Each structure stands twice: as C-alpha cells, then as structure tokens.
Amino acid sequence: MTTMNGVILPGDSTVRHIQAEVPDPGPGQVLLKMKASSICGSDIRAIYRQHLGTGPEAYKGVIAGHEPCGQVVAVGEGCKRLAAGDRVVVYHIAGCGVCEECRHGYMIGCTSPHRAAHGWQRDGGHADYILAEEATCILLPEPLSYVDGALVSCGFGTAYEGLLRLRLSGQDRLLITGLGPVGLAAAMLGRAMGAGPILGTDLAPERLQIAQDHGLVDHAIPADDAAADTIAELTGGRGCEASIDCSGSAAARVLALQSTRTWGRCAFVGEGGQISFPVSELLIHKQITLYGSWVTSLRHMEDLLEHLVRWQLHPETVVTHRFRLDQADQAYRIADQGAAGKVCIVMD
Ligand SMILES: [Zn+2]
Ligand SMILES: [Zn+2]
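Below or above, wherever it landed, is the structure these notes cover. The model shown is predicted, which means the values in this text are computed figures rather than measured ones.

1. What about the coordination of the zinc ion (ligand 1)?
Coordination of the zinc ion (ligand 1) by the protein is provided by Cys-40 (SG), His-66 (NE2) and Cys-154 (SG), with metal-donor distances spanning 2.0 to 2.2 Å. Mapped onto the sequence, the residues coordinating the zinc ion (ligand 1) show the spacing C-x25-H-x87-C. Taken together, the positions of His-66 in the loop between helix 1 (41-48) and strand 4 (68-75) and Cys-154 in helix 3 (residues 146-165) put the pair 88 residues apart, joining distant regions of the chain. Of the two residues, His-66 and Cys-154, neither departs from the other in class, the shared state being buried.

This is the structure we're talking about:
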C-alpha cells in the first residue's frame, strides 16, 4: 500500500495533516498527481473557521481543497478520453450525470444524493494525489500553468459565469464590489470581454492596491460612506451599466444596486449573508435586472480555458502567496486575513 499526504480542516481555524492511501481509479475515474490547489473564500467561510455548511456545502471531514489541478497518472477501466500525462482542471463537483442540471452542464446544481463536491463531500486537492471522474476533468491548454488551472476550477469560473450572465460587452462600464480573488478575476475577465472603465471597491487597502498594481481596475475605490458618491461622480451621475458583487457583504450588495445604471444589470456571486434594501427605489424603479449566479458549467469552464489562451491571460497573476502542502497552516492563515490576493498550494 502506498500512502500520500493530505490536509483536512477540523473547523477550529487549524489544519490537520494526515496520511491516506493512494486511491485506485475505478471505472470511469482517473488518478491525478496534484500540481496546484488554491484556497477559495468558501473554504474559509464554511469550513476552516467553523463547519457551517449544510446540503451542498456540508463538509464531511474529507481532504480539503476544491480548486484542484493536476496531471493524470492512472486511468480506470472504460475511460474514453484521458490518458496518463494529460494535464487537467477538475470541475470540482461530481454530479449524478443524469439529472436536468447535470445534463445542462451545471453539476453544481445537482441535487441527487450521488452528487459530491471535491473538498466538501469527497476528497479534494490538498494532497499528493486526487481521484476524479473523467467526466469532470477538463484538459488544460498548454500555455496555461497548473496554478492558472486551479484558479479556474472555482474562482475564475464563478467570475466568468457571472459576467456571461450579465452579457458583458464593450458597451458596458463595470462595477465590481469586493476585490478578493473572485472580484480580481471579474476585473481581469471583464476587461478582456471589452468592458471599461472598470471600477472596483473593497474595504481592504491591500486589495485595492493589488487591483491597481496589476492594472485590473481603472478606479480602486475604498468601500466607505463616500463610495456611492465617488462612483456617481466617475460615471456622470448615471452609475455603471453592469455590476457584480463578489463580496457577499450586505453593504456591498446595496452599493452595487445603487450604483447600477437605470436599465442596467447586476449579478450577485459573493456567497452567504442576508440583504435588506428598498426594492422600489433600487430595483423596480430603476428597471434593473438582478441575477444570482452559482459557480459555472462544465461547458463554460472549458470555454473559459480556451478564451484565456486567446486573450493571453494568466489567472495566476492574482496569486499573491504560494505555499507547499506542508505549509498549509500558513496558507490558510493568510487567506483567512482577507487582505491577500489568491493563496495557492503548489506541489512542485
Ligand atoms: Zn469555491
Ligand atoms: Zn445530477
């Protein structure tokens, strides 16, 4: 029996290193040598500090990490496409494959008891190896790195889906509330999709700085009481045609609605929390279309990888901290502080 290192999250703001058996791929499964496994805001919000999740966000004590990217080292019986040596991004939710949402490509929305997400209900990427379904692996195009791929498997995919939902184009100014990793992704992709100027808000000066340093936003605006006025000033009093909340904070969601132009579109992708706002004033009378958008589909993730190559973009631009697997405690501490860009565990 060969063993491997893995990391689990006990739910008290610590990480635990474990040894586990290297799994054998069953029918339709592949074994990946892990190369990069980034940390998502949801890992912090629902698992690391405390096990808060229920349903699709219930954490079952498995190896953590739902942004895995690696290389195929073994394939199980009946695999139809992948072979040893292939570089793949893992769409991190393995759905039942036969329900409406799965057939639509949105395995994220599968409600079958067979659904299991890596890092939540089945082993994730914080390990030397991961067992994945061939059907949820997407080939990583050569110019992209394993770190690029890891970032696509949740965060960049989520940002891209939100922007697709908004039908973002060169006719739009884009407001992003929350410049954490997903907000930074929305800025990078929004620019490539033609939007501009791009305005971003955040509470953390460090995050405003990261967005500015990489030229991802044209205006980095502190999320204080003056933010709404600043955005109005920068947009001739009209607001932005498109806005996306990537923070999950109530104040930021209200700011996004307030600062969306009449007839504009707004998407919420930041998870959690509650919101209360004057519906007539901010939504109905402004004729705003408000979208909720959850992760992305297999097809859109594949499409995003193709576009990243064409746009010559590297998601890893927003990575500010890299750690080895044995430094996972430091990685989580940094991610928990909410001031970093993306934090990624890199295997080699
Ligand atoms: Zn995530
Ligand atoms: Zn399903």
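2. So, the environment of Thr-320
Examined against the element boundaries, Thr-320 turns out to sit in strand 16 (residues 319-323). With 221 residues separating them in the primary sequence, Thr-320 and Cys-99 have C-alpha atoms 39 Å apart. A distance of 2.8 Å separates polar atoms of two side chains, one belonging to Thr-320 and the other to His-321.

3. Some points on empty space enclosed by the protein
Using the criterion set out here, one finds 1 cavity of 30 Å³ or more in the structure. If you add up the space inside the largest cavity, you get close to 40 Å³. Lining the largest cavity are Leu-151, Gly-155, Phe-156, Pro-181, Val-182, Ala-185, Val-318 and Lys-342. Of all the secondary-structure elements, those providing two or more residues to the lining of the largest cavity are helix 3 and helix 4 (181-192). Of the residues belonging to the lining of the largest cavity, the class tally is 6 nonpolar, 1 polar and 1 charged.

4. A short note on the sheet that holds strand 10 (residues 174-177)
Strand order in the open sheet formed by 6 strands is 12-11-10-13-14-15, with parallel pairing between adjacent strands. Both outer strands of the open sheet, strand 12 (219-222) and strand 15 (289-292), are each paired with one neighbouring strand and no more. Across the sheet, the mean angle separating the axes of adjacent strands is 20° when strand polarity is ignored. Across 4 bridges, the pairing between strand 10 and strand 13 (residues 240-245) is parallel. Bridge pairing links Leu-175 to Ser-243 in strand 13. The strands touched by helix 3 are strand 10, strand 13, strand 14 (260-268) and strand 15; relative to strand 13, the strand with the most contacts, the crossing angle is about 150°. Along the sheet face, helix 6 (residues 227-234) touches strand 10, strand 11 (198-202) and strand 12 and points at about 155° away from the line of strand 12.

5. Focus on the coordination of the zinc ion (ligand 2)
Distances from the zinc ion (ligand 2) to its protein donors, namely Cys-96 (SG), Cys-99 (SG), Cys-102 (SG) and Cys-110 (SG), fall within the range 2.3 to 2.4 Å. Angles of 103 to 117° at the metal separate the 4 donor atoms of the zinc ion (ligand 2), which places the site in the tetrahedral class. On the primary sequence, the residues serving as donors to the zinc ion (ligand 2) are separated as C-x2-C-x2-C-x7-C.

6. Some thoughts on the side chain of Ser-259
Position of Ser-259 relative to the elements: it lies in the loop between helix 7 (250-258) and strand 14. For Ser-259, a relative accessible area of 5% puts it in the buried group. The residues contacting Ser-259, other than those within four sequence positions of it, are Leu-175, Ala-228, Ile-231, Gly-239, Cys-240 and Lys-286.

7. Examining the pairing of strand 13
Of all 6 residues making up strand 13, 6 are buried, and the element is well covered by its neighbours. When strand 13 meets strand 14, the two strands line up parallel, connected through 5 bridges. Note on strand 14: the bridge partner recorded for Cys-240 is Thr-260. In the classification by handedness, the crossover that spans strand 13, the intervening helix 7 and the parallel strand 14 is right-handed.

8. A short note on the pattern of salt bridges
Across all of its chains, the model carries 16 salt bridges by this definition. Note that Arg-49 is salt-bridged to Asp-336, the shortest N-O span being 2.6 Å. With Arg-49 in the loop between helix 1 and strand 4 and Asp-336 in helix 10 (residues 328-336), this residue pair connects regions lying 287 residues apart in the sequence. On the basis of relative accessibility, which here comes to 23%, the residue Asp-336 falls in the partly exposed class. The network of salt bridges with common partners includes Arg-81, Arg-299 and Glu-302.

9. A short note on the environment of Gln-287
By the secondary structure assignment, Gln-287 is in the loop between helix 8 (279-284) and strand 15. A relative accessible area of 38% means that Gln-287 is categorised as partly exposed. Distance in space between the C-alpha atoms of Gln-287 and Ala-211 is 30 Å, their sequence separation being 76 residues. Filtering out sequence-adjacent residues up to four positions away, Gln-287 remains in contact with Trp-263 and Gly-264.

Criteria and thresholds
- Residues numbered from 1 in each chain as written.
- Chains lettered and ligands numbered in written order.
- Predicted model: local features only at pLDDT ≥ 70, side-chain atom pairs only at ≥ 80, totals over all residues.
- Heavy atoms only, no water.
- Donors = N, O, S within 2.8 Å, 3.2 Å for Na, K, Ca; no water.
- Helix = DSSP H or I, 4+ residues; strand = E, 2+ residues; numbered from the N terminus.
- Buried < 20%, exposed > 50% of the residue type's maximum accessible area, 1.4 Å probe, protein only.
- Polar contact = N/O pair within 3.5 Å; in protein donor to acceptor, adjacent residues only side chain to side chain.
- 1 Å grid on protein atoms, 1.4 Å probe; cavity = no way out; pocket = protein on both sides within 12 Å on 5 of 7 lines; lining within 4 Å.
- Points joined across faces, edges and corners; volume = space filled by probe spheres on them.
- Nonpolar A, V, L, I, M, F, W, Y, C, P; charged D, E, K, R; others polar.
- Pairing = 2+ DSSP bridges.
- Axes fitted to C-alpha atoms, helices over the stretch in contact; angles between N-to-C directions.
- Contact = heavy atoms within 4.5 Å.
- Tetrahedral: all angles 85-135°; square planar, octahedral: opposite > 155°, others 65-115°.
- Right-handed = clockwise from strand over helix to strand, strands pointing away.
- Salt bridge = Lys/Arg side-chain N within 4 Å of Asp/Glu carboxyl O.

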